[in-house]
Structure formats: C-alpha cells, structure tokens
Amino acid sequence: MTELKNNAQSNAAPPAETEKPAKVWLREVVEKVYQDAWDAKERGEPVGWSASKFPAEIAETLGLRVCYPENQAAAIAAKHGGQRMCEYAEALGYDNDICGYARISLAYAAGAGGDERPMPQPDFVLCCNNICNCMTKWYENLARMHDIPLIMIDIPYNNTDEVNEENITYIKAQFDDAIKQLEEISGRKFDEDKFAEVCANANRTAQAWLKACSYCQYKPSPLSGFDLFNHMADVVTARCRKESAEAFEALAEEYERNVAEGKSTWRYDENHRIMFEGIPCWPELQKLFKPLKEKGINTTAVVYAPAFGFVYNNMEEMIRAYCKAPNSVCLETGVEWREGICRENKVDGVLVHYNRSCKPWSGYMPEMERRFRKNLGVGVVGFDGDQADPRNFSEAQYNTRVQGLFEIMEAQKKGE
Amino acid sequence: MSEIAGTAVSRKYSMGVDIGSTASKCIIMAEGKEIVAKSLIDVGAGTSGPDRVIAAVLKDSGLKLEDMTHIMSTGYGRHSLEIAHSEMSELSCHARGAYFQHPAVRTIIDIGGQDAKVMRIDENGILENFVMNDKCAAGTGRFLDVMARVLEVKLDDLEKLSAESQNEVRISSTCTVFAESEVISQLARNTHKRDIIKGIHRAVASRVGALARRIGLVDDVMMTGGVALNDGVRLALEEELEHDIFTTELAQYNGALGAALFAWQRSKKKEI
Ligand code: SF4
C-alpha cells in the first residue's frame, strides 16, 4: 500500500510544496500581458487600451496587444497613487465627481506618470459601454488626447431579463465593424480558426474562474473572498489566454486541496460570512479588512464571479454574454445574480460599498438593499467609500457600520 | 456565590458610557432595572467629556468605579475609554435603550451630532437592520449647529422660534455649505428667522425621512438623540413620514442607557 502510494507520487506532477502557488502564477500572467504590450510597442506594433468588457476575443484573434486601464487604475490606487493621479486629472479640468478609474487613466494618458503600474500609451482604444456610460466619455477623451482611433461598441441597457433580437442584430453589426477596423489597424486578416481557438481559451478561463469562485460555498470556506478581488485581474486582462485558464485551474485545485486538508487562505475565525457588494476601496484594503478579520467575518460572495464568468458556444451567445455586465442588466437580473450567490455561498450578511466613483453601481443599491433584506432576511449595511480616491472614505464610519452588521449577525445567530 | 461576588454593592450596578462626536453621556443602573444617576456633558470624543461625565455620575450616586460590575462604552469614541470592560456599537445600544423605555418600539430614528440613523428592531428588542447617513453632514445635529450659528440663535431656541413661523421658507439644498448660503441669502432678503428655521427643520426631516423610508417604517416609531429634544424637527418628521413619532426625556441618554443594560447583562452572564 505504502509502495503503491510512493509510486503514484513519483509518476505524478511534482508535490504541492515545490509547485508554484497559483497566486504567483496568476500574477505572472497579468505581468506578461503588460510585458507583451511593451514588447509590441518596441517592435513598432500598435498597442490598444481596452475597456474590461470589450470583446477581448477580437483583438486577441488579430494578435493585437492591449492593456486595461481599469486594471491599471486599480493597481495604482492599491499602491496609494490614486489621490495623486485624481488630483492631476482634476487640475486638467476633470471634475472630482467623475469615476476615479477614469480620472487616474486620463491623468496617465496626459503624462502624469504612474510607476505603480506603467503601460505603453495607446495607439487605439477599444470602448464598450456595457460597463457604464462614463466609459464612453472617458475613451472619447483618450482618443482625442492622443488623436487615435476609438473603436466603440454600444450595448443598449437591458430593461428585460432577455436580450432582444434587435439588439443582437445591432451589436453583431458593430462586432463586424470593429473587426474591420481592427484588421486595418493590425494589418492582418481575421482568421476564423484562430478566433475559435481564442474563444475556446476564453471559455476555459471563465469556467475555471467560476469553479475557483465556487469554493466559497464550502463552510468554512477554503479561501478568503477578498482574494477574488486580486485574482479577477486575470479574468479582466487575460481571459483569452491559455495560461490564465491553466492558472485558474491550478487555483481551483489548491482550493480543492484546502478543503481536503481543512485549510484556508482566510486565516481567522469564520464566525460569519458576508457578500461584499461592489468594488473594494483599493487604497484602503487594509482598513476594509481589519474589522472583518478581527470579528471573524469572511467574505464568501462577490459579484464579480457571475459578471466575468460567462461561457458561450457561438457568436450569438457571445454577444448575449457581453450584454450582461453588472451595470447593463435590469434590476431583476442583478438581484437574481446576487441572491443566487448569497444563497449558494451561505452568507448571513451583506456589506454594500456606496462607491462615490461608480455612480451606476451605487445608484441602484438602495433598492437592491431593500430586496436583499426582504428576500434573504439578513442584515444589510452600507458604507460610503471610493474605489480609487481615498478622500471619500472614513474609517471610523466604516468600522461602526461593520460592527453594527456584526452585532446583527451575532443576534440572529443566537436566535437560531 | 457570595464569596465570588464580594459585597452586595458590587453586584448591583452597571455603567453605560456613550461617547458621541459632540456630547458624552453616562448612566449608572441598578440591577439593569433602575437608573441611579445620569449625566451629560456637551463635548464628546477626544475631549475631557468622558472623564467628566463619569465623575459626575459617580458623585451624584455616591458610588465608586469599583462598585460597577461591568462598564460598557458605546458611540463614536467607544474605543478610547480605557476603563470600559467592553464596547458595543451605538446601533445595538440604541436598540436596547429604546426597547427598555418602550417595548412596543420597532423603528428608532436617532439623530446625533454627526450621523443620522434609522434602526429596525424585532419584538425582542434585537437590532434587525439599520441605515445610516452617508458621509454628508446634512440631516445631522451638525447641520443644525451650523444653521443656528449663521442665524445667531441659540440651538435651544430653534424649537420655540420655528413654532412661531407663519410662512415657512423652503431650503432646498441638502449640502450644509449650500444650505448655509441659502440661509444667508434669505437673511439678506430680511426673511424672518422663524420662517427660515422652520424650513431648516423641514430640510432635516426630508433628509432623515428618506433614510427611514429606505428601511421601512413600522410602528411604534421613536426618536432619540439630541435632536429629538427639538420638537420642531420631530413634528416636521411626523409630517414628512405621516407617522406618529414619539420621544422621551431620556432621548439623549438612550445610547448610554442601552450600554448600561448590556453591561448588566454581561455581568450576569459572567456570574452564571
Ligand atoms: S467603476 Fe463604475 S463608473 Fe467607473 S468605469 Fe467602472 S462601471 Fe464605470
């Protein structure tokens, strides 16, 4: 028996100790995205900047290298460069009411620096307003600043659960047009076989990402849900790459091992489990985390999983998938997504970030909050903050709200 | 049993200290039933307020700190009270305090110095949910402070003056700074102060009313916090929400009361 086990081990992949942790691997994949962009720039190839939910499959099929301003802005903000960049943009005339990501990105495009996450300046920009409409103006400004082409895909807001046929036709025409424009920019023909391969990678990444996220369902969870905020960088910047699919698969395996061994990346008690609604305050991650770890509150649900984990089988399904971003779906769909993950991941509270940057996301939260309270019967608490601009966050206010949520969850637990 | 607990005196009393942003409040209770002493000082976290308010209740009651079985702090400055055995958020403390005063209460509207909150509690007095103001000062005690200063009237006179108003003025800005300039321009137009004050109360009521609607009002509705003493705001809120809203003379002490009650509960648990 012992022998067999040893044999099996010697034939298998290297033991876990010598394997690279998935989080390192995932980080390297993102680094490579940016490095590839620098290399392309050096070779004199055009490099693009892309909205996080622009159909990445198109540029990837044409071999174009793109960077992601939202990811860059989050990285700059997390490394405490957010305020500097926001103030630079404000001095250029951009109001402080504008999304912090947009301000950081516009500042970078205008030459403000940004050593926290450098990336080459763009030769074209890819905008898709399924994310929000602020994106449209932001990218128009980028295009004007650098006098470069803007390839725009307009996704109508979905008032209903289903995407209607007219919208599909309308968006399909725009996809075709985007392909044509990008063929001109790249000087290459769009290859259907390559496209199929890229889509297969994107699907594989999405499936692996969803699988990794699904481990939050275990009680106790083998991971801290806050990890997902970091790992989502890969699903934003590299979802068409085989490497990110592999890295997410490795991540899922790690979680599987954690379950088997009773381990977790959450190193505190798990007295309570919550959904964290919205984008975190990147400049204040430590402060966000502090009362949660002190009180043993693990985040086991985040909205990103369904938002970026979409799988499709053909062009039409792909279009439908791109119609479904957090801010482009109707309230009913948004509530259903969230309540689904709250139930699956067994949360007993919801912490809502009223994000001063992200008006669309924060704007519908009061009504969502009301529905969560009614439908889930859990404590729902909101706090004010900002994903990138630290001037919009008060630690004392945040702590009181988290403590209040904790006390509600404690009382409900005792009442059980 | 008597060996563990020491003297009879030491088993009897609990203390709740509510350190708010603009005032400190302290209550000593006997056996979680009866208020023995209470005190309020008009300065809060980071000042001499907490020490003074504690000294005042001890003096009034003739008790010593050692007589307290448990001391609980609450409010914005709750973390800074070294003598406290434990702390709890003002949300749970308000819920407990209000329930003690009036067991039929289900919704509590608390307007403090720098925040406004609406809490829903269940039939056992347990906090079910709450909403708080965002980072803006509109709809809080601070808003009224600023307006009273601009109008050159005492905070305590706002109620009386607004009751005399015949012709309420509309203050449309929710932002404290904008509302301040609106008030200044009304004064420049020689509008009567009482009418401006009525408009200010309405502005607070509409702001807090929106919060209350978000969580949903269930009767009985009670108002707590320093602003509850201003009947002008309470009446404006009643109109705004079309609900009866009552308050008690302990409105300002409600958080400290809740803390003293929790403190008693904790000391009993320890004894068991
Ligand atoms: S954070 Fe919100 S406002 Fe900013 S780009 Fe994203 S969706 Fe738009």
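Residues numbered from 1 in each chain as written. Chains lettered and ligands numbered in written order. Predicted model: local features only at pLDDT ≥ 70, side-chain atom pairs only at ≥ 80, totals over all residues. Heavy atoms only, no water.

1. Thoughts on the environment of K172 of chain A
All names here are of chain A.
For step 1, the next point in the chain: Inspection of the secondary structure puts K172 in helix α8 (residues 165-186).
For step 2, the next point in the chain: Given a relative accessible area of 31%, K172 falls into the partly exposed group.
For step 3, the next point in the chain: Put simply, K172 and I153 are 19 residues apart on the chain and 9.7 Å apart in space, counted from C-alpha to C-alpha.
For step 4, the next point in the chain: Among all residues touching K172, those that are not within four sequence positions of it are M315 and I319. (Helix = DSSP H or I, 4+ residues; strand = E, 2+ residues; numbered from the N terminus. Buried < 20%, exposed > 50% of the residue type's maximum accessible area, 1.4 Å probe, protein only. Contact = heavy atoms within 4.5 Å.)

2. Thoughts on the sheet that holds strand β1 (residues 13-19) of chain B
All names here are of chain B.
For step 1, the next point in the chain: If you walk across this open sheet you meet the five strands as β3-β2-β1-β4-β5, and the pairing is mixed. Where the open sheet ends on each side, the last strands, each with one partner, are β3 (34-41) and β5 (86-87).
For step 2, the next point in the chain: Bridge count for strand β2 (residues 24-30) against β3 is seven bridges, and the pairing is antiparallel. From the neighbouring strand, S24 faces β3, where its bridge partner is I41.
For step 3, the next point in the chain: Of the strands in this sheet, β1, β2, β3 and β4 (68-74) are in contact with helix α2 (residues 49-61), which crosses β3 at around 145 degrees. (Pairing = 2+ DSSP bridges. Axes fitted to C-alpha atoms, helices over the stretch in contact; angles between N-to-C directions.)

3. A look at helix α15 (residues 331-344) of chain A
Residue and element names in this part refer to chain A.
For step 1, the next point in the chain: Taking 1.5 Å of rise per residue, 14 residues should cover 20 Å, and α15 covers 20 Å from first to last C-alpha, within 8% of that figure.
For step 2, the next point in the chain: Within α15 the residues assigned to the buried category are L331, T333, G334, V335, W337, R338, E339, I341 and C342.
For step 3, the next point in the chain: Against the buried residues of α15 lie β5 (272-277), β6 (297-302), α13 (304-308), β7 (349-355), α16 (359-363) and α17 (365-376). (Expected span 1.5 Å × (residues − 1).)

4. Some details on the sheet that holds β5 of chain A
Residue and element names in this part refer to chain A.
For step 1, the next point in the chain: What the four strands build is an open sheet, ordered β6-β5-β7-β8; its pairing is parallel. Each end of this open sheet is capped by a strand with a single partner; those strands are β6 and β8 (379-385). If you compare each strand with its neighbour and ignore which way they point, the axes differ by 30 degrees on average.
For step 2, the next point in the chain: Judged from the seven bridges that link them, β7 and β8 form a sheet pairing that is parallel.

5. A word on the packing of aromatic side chains
All names here are of chain A.
For step 1, the next point in the chain: All chains considered together, the criterion is met by 19 aromatic pairs over all chains.
For step 2, the next point in the chain: Aromatic pair F383 and F393: ring centres 6.4 Å apart, planes at 85 degrees, arrangement edge-to-face. With F383 in strand β8 and F393 in the loop between β8 and α18 (395-415), this pair connects stretches of sequence that are ten residues apart. For the pair F383 and F393, a shared accessibility class is recorded, and that class is buried.
For step 3, the next point in the chain: Geometrically, the ring pair formed by F393 and Y398 is tilted, given 5.7 Å between the ring centres and 50 degrees between the ring planes. (Phe/Tyr/Trp six-rings, centres within 6.5 Å; stacked < 30°, edge-to-face > 60°.)

6. Some words on the domain arrangement of chain B
Residues and elements named next belong to chain B.
For step 1, the next point in the chain: Split by domain assignment, chain B resolves into domain 1 (13-98 + 252-271) and domain 2 (104-247).
For step 2, the next point in the chain: In this structure, domain 1 and domain 2 have C-alpha centres spaced 26 Å apart.
For step 3, the next point in the chain: Opposite the twelve residues of domain 1 that make contact, domain 2 presents 19 residues.
For step 4, the next point in the chain: Carbon and sulfur atoms make up 67% of the surface buried where domain 1 meets domain 2, a total of about 1,200 Å² over both sides. (Domains from an automatic or database assignment. Buried area = accessible area lost by both parts, 1.4 Å probe.)

7. Considerations on the pairing of β7 of chain A
Residues and elements named next belong to chain A.
For step 1, the next point in the chain: Counting buried positions along β7 gives seven out of seven residues, so the element sits mostly inside the fold.
For step 2, the next point in the chain: Burial along β7 is two-sided: G349, L351, H353 and N355 and V350, V352 and Y354, pointing in opposite directions, are all buried.
For step 3, the next point in the chain: For β5 and β7, the ladder comprises four bridges, and the chain directions are parallel. Looking across to β7, one finds that E277 is bridged to V352.

8. Considering the domain arrangement of chain A
It is common to give the size of an interface as the accessible area that goes away when the parts come together.
Residues and elements named next belong to chain A.
For step 1, the next point in the chain: Along its sequence, chain A is carved into domain 1 (46-188) and domain 2 (268-416).
For step 2, the next point in the chain: If you average the C-alpha positions of domain 1 and of domain 2, the two centres end up 25 Å apart.
For step 3, the next point in the chain: Contact with domain 1, which involves 36 residues of that partner, is made by 32 residues of domain 2.
For step 4, the next point in the chain: Where domain 1 abuts domain 2, roughly 3,000 Å² becomes buried across the two surfaces, and 58% of that area is made up of carbon and sulfur atoms.
For step 5, the next point in the chain: Taken together, the links from domain 1 to domain 2 amount to five salt bridges. (Salt bridge = Lys/Arg side-chain N within 4 Å of Asp/Glu carboxyl O.)

9. Re a nonpolar patch on the surface
Residues and elements named next belong to chain A.
For step 1, the next point in the chain: On the surface, a cluster of nonpolar side chains totalling about 260 Å² of accessible area is made up of Y88, L92 and M145.
For step 2, the next point in the chain: Mapped onto the secondary structure, M145 falls in helix α7 (residues 134-146).
For step 3, the next point in the chain: Overall, the relative accessible area of 33% leaves M145 in the partly exposed class. (Patch = residues over 30% accessible without salt bridge, like charges linked within 9 Å, V, L, I, M, F, W, Y side chains within 5 Å. Areas by Shrake-Rupley, 256 points an atom, 1.4 Å probe, with all protein chains shown as cover.)

10. Side note on the site of the ligand
Residues and elements named next belong to chain A.
For step 1, the next point in the chain: Taken together, C99, I131, C132, W138, I279, N327, S357, C358 and Q387 make up the full set of residues adjacent to the ligand.
For step 2, the next point in the chain: For the shell around the ligand, the class distribution of residues is six nonpolar, three polar and no charged.
For step 3, the next point in the chain: Residue-level mapping places the shell around the ligand at the junction of two domains, with at least three residues from each of domain 1 (46-188) and domain 2 (268-416). (Near = heavy atom within 4 Å. Nonpolar A, V, L, I, M, F, W, Y, C, P; charged D, E, K, R; others polar.)

11. Points about the nonpolar core
For step 1, the next point in the chain: Membership of the largest hydrophobic core comes to 153 residues, with the highest contact counts inside it found for Y101, W209, M275, Y304 and L351 of chain A.
For step 2, the next point in the chain: Setting aside anything within four residues of it in sequence, one finds Y101 of chain A in contact with E70, A73, A74, W138, I279, W282, Q387 and A388 of chain A.
For step 3, the next point in the chain: Judged by nonpolar contacts, the second largest core, of 39 residues, contains I109, V169, I171 and I245 of chain B. (Core = buried A, V, L, I, M, F, W, Y, C linked by side-chain atoms within 4.5 Å.)

12. Quick look at the environment of D157 of chain B
For step 1, the next point in the chain: Here D157 of chain B shows up in the loop between α4 (141-151) and α5 (158-163).
For step 2, the next point in the chain: Along the sequence, D157 of chain B and L250 of chain B sit 93 residues apart, while their C-alpha atoms lie 20 Å from each other.

13. Some remarks on unusual backbone geometry
For step 1, the next point in the chain: Here K219 of chain A and P220 of chain A are connected by a cis peptide whose omega angle stands at 0 degrees.
For step 2, the next point in the chain: With respect to the element layout, P220 of chain A can be found in the loop between α9 (192-214) and α10 (226-237).
For step 3, the next point in the chain: In this structure, the amide linkage connecting D219 of chain B to the following residue, D220 of chain B, adopts the cis form with an omega of 0 degrees.
For step 4, the next point in the chain: With respect to the helices and strands, D220 of chain B occurs in the loop between α7 (193-215) and β9 (221-224).
For step 5, the next point in the chain: Located in the positive-phi region is H80 of chain A, a residue other than glycine, with phi close to 70 degrees.
For step 6, the next point in the chain: Inspection of the secondary structure assignment puts H80 of chain A in the loop between α4 (69-78) and α5 (82-92).
For step 7, the next point in the chain: The phi dihedral of D147 of chain A is positive, around 50 degrees, even though this residue is not glycine.
For step 8, the next point in the chain: Structurally, D147 of chain A can be placed in the loop between α7 and β4 (150-153).
For step 9, the next point in the chain: Since its relative accessible area comes to 71%, D147 of chain A is described here as exposed.

14. Some remarks on the interface of chain B and chain A
For step 1, the next point in the chain: Each partner contributes to the interface: chain B provides 21 residues, whereas chain A provides 24 residues.
For step 2, the next point in the chain: Of the roughly 1,800 Å² buried where chain B meets chain A, counting both sides, 49% is carbon and sulfur surface.
For step 3, the next point in the chain: Scanning the region where chain B abuts chain A turns up one salt bridge.
For step 4, the next point in the chain: Notably, a salt bridge pairs R214 of chain B with E369 of chain A, separated by 3.8 Å at the nearest N-O pair.

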